[in-house]
Amino acid sequence: SIDHVEVNLSGGDLSPDVIIFCADQKLDSIQIEDKYGDVSIDGVEAGTITAGTESGDIEVVGTTCDKLNAAANTGDLNAGHVTCSEMTMKTNTGDIDIQDAVGNVSAEVTTGDIEFETDLPKNQYEISVSTNTGTISSGEEEIESENSVSLPGGPNKLTLKTTTGD
């Protein structure tokens, strides 16, 4: 049984691909830190997942976890078919796209857009959305407001915040 894997790519190839396959089991935690490159997590079950990159995209697909933290300084963040008790996605410059996520979802962008799509009805989410300079819309409908919208609901929580973006 392997309880720890560390991969150090400090020299040589400036754009290597690293693929790690995990046995069909729930992992306690996954931590991925990347300087310049993309991170992709697919079909994983874990307690805590932490993924970060200085400059690159992060994609999480078909994953179940207790807690997910994904952060990029410059890059897009994408999550699809993810079930987490708590999911936090944050990028300074880039877009966030979340599809079919269940749990408490928080997404924050300094400069970029956030898009959230789900097949669940709106009343399944307590929703808080804000933007300093951007447009808030639901489906094809633009929502007129003081740059923020809050709607009661549950059992999932959705918090989306952008400084400059839609």
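Here's a quick rundown of the structure. Computed from a predicted model, the values in this text were never measured in an experiment. Positions within a chain are numbered from 1, following the residues in the order the chain's sequence is written. For this predicted model, a pLDDT threshold of at least 70 governs which residues receive local features, and a threshold of 80 or more governs which side-chain atom pairs are given and counted, while totals over whole chains, interfaces and linings are taken from all residues. Derived side-chain values reflect all non-hydrogen atoms in the structure, with water molecules and hydrogen atoms excluded from consideration.

1. A few points about the overall build of the protein
Numbering of helices and strands starts at the N terminus; helices are DSSP runs of H or I of at least 4 residues and strands are runs of E of at least 2. Within the protein, the secondary structure is distributed over 0 helices and 13 strands. Helices and strands appear in the protein in the N-to-C order β-β-β-β-β-β-β-β-β-β-β-β-β. Only protein chains enter the area calculation, which uses a 1.4 Å probe; residues under 20% of their type maximum are buried, those over 50% are exposed, and those in between are partly exposed. Of all 166 residues assigned to the protein, the portion counted as buried reaches 31%. Relative to all contacts within the protein whose residues are 6 or more apart in sequence, the contacts with residues 24 or more apart total 24%. Contacts were defined at the residue level, with two residues in contact if any of their heavy atoms lie within 4.5 Å.

2. Some details on the pattern of salt bridges
When a carboxyl oxygen of Asp or Glu lies within 4 Å of a side-chain nitrogen of Lys or Arg, that pair is called a salt bridge. In the structure shown here, the tally under the stated rule is 1 salt bridge. One salt bridge in this structure joins Asp66 and Lys26, with 3.6 Å as the shortest N-O distance. Taken together, the residues Asp66 in strand S5 (residues 64-74) and Lys26 in the segment before strand S1 (27-36) connect sequence positions 40 residues apart. The class for Asp66 is partly exposed, based on a relative accessible area of 39%.

3. Regarding the packing of aromatic side chains
Pairing of aromatic rings covers Phe, Tyr and the six-membered ring of Trp, with a centre-to-centre limit of 6.5 Å; geometry is then stacked below 30 degrees between planes, edge-to-face above 60, and tilted otherwise. According to the stated counting rule, one finds 1 aromatic pair in the structure shown. Centroid distance Phe116 to Tyr125: 5.4 Å. Interplanar angle 80 degrees. Geometry classified as edge-to-face. According to the relative accessible area criterion, Tyr125 is buried, its value standing at 2%.

4. Comments concerning the side chain of Thr131
For Thr131, the position within the fold is in strand S9 (residues 125-133). Judged by its relative accessible area of 4%, Thr131 falls in the buried class. Discounting residues that sit within four places of it in the chain, Thr131 has contacts with Ile136, Asn147, Thr162, Thr163 and Gly165.

5. What about the environment of Val129?
Looking at the secondary structure, you find Val129 in strand S9. Each C-alpha atom of the pair Val129 and Val149 lies 5.2 Å from the other, and the pair is 20 residues apart in sequence. The contact partners of Val129, leaving out residues within four places of it in the chain, are Ile136, Asn147, Ser148, Val149 and Leu160.

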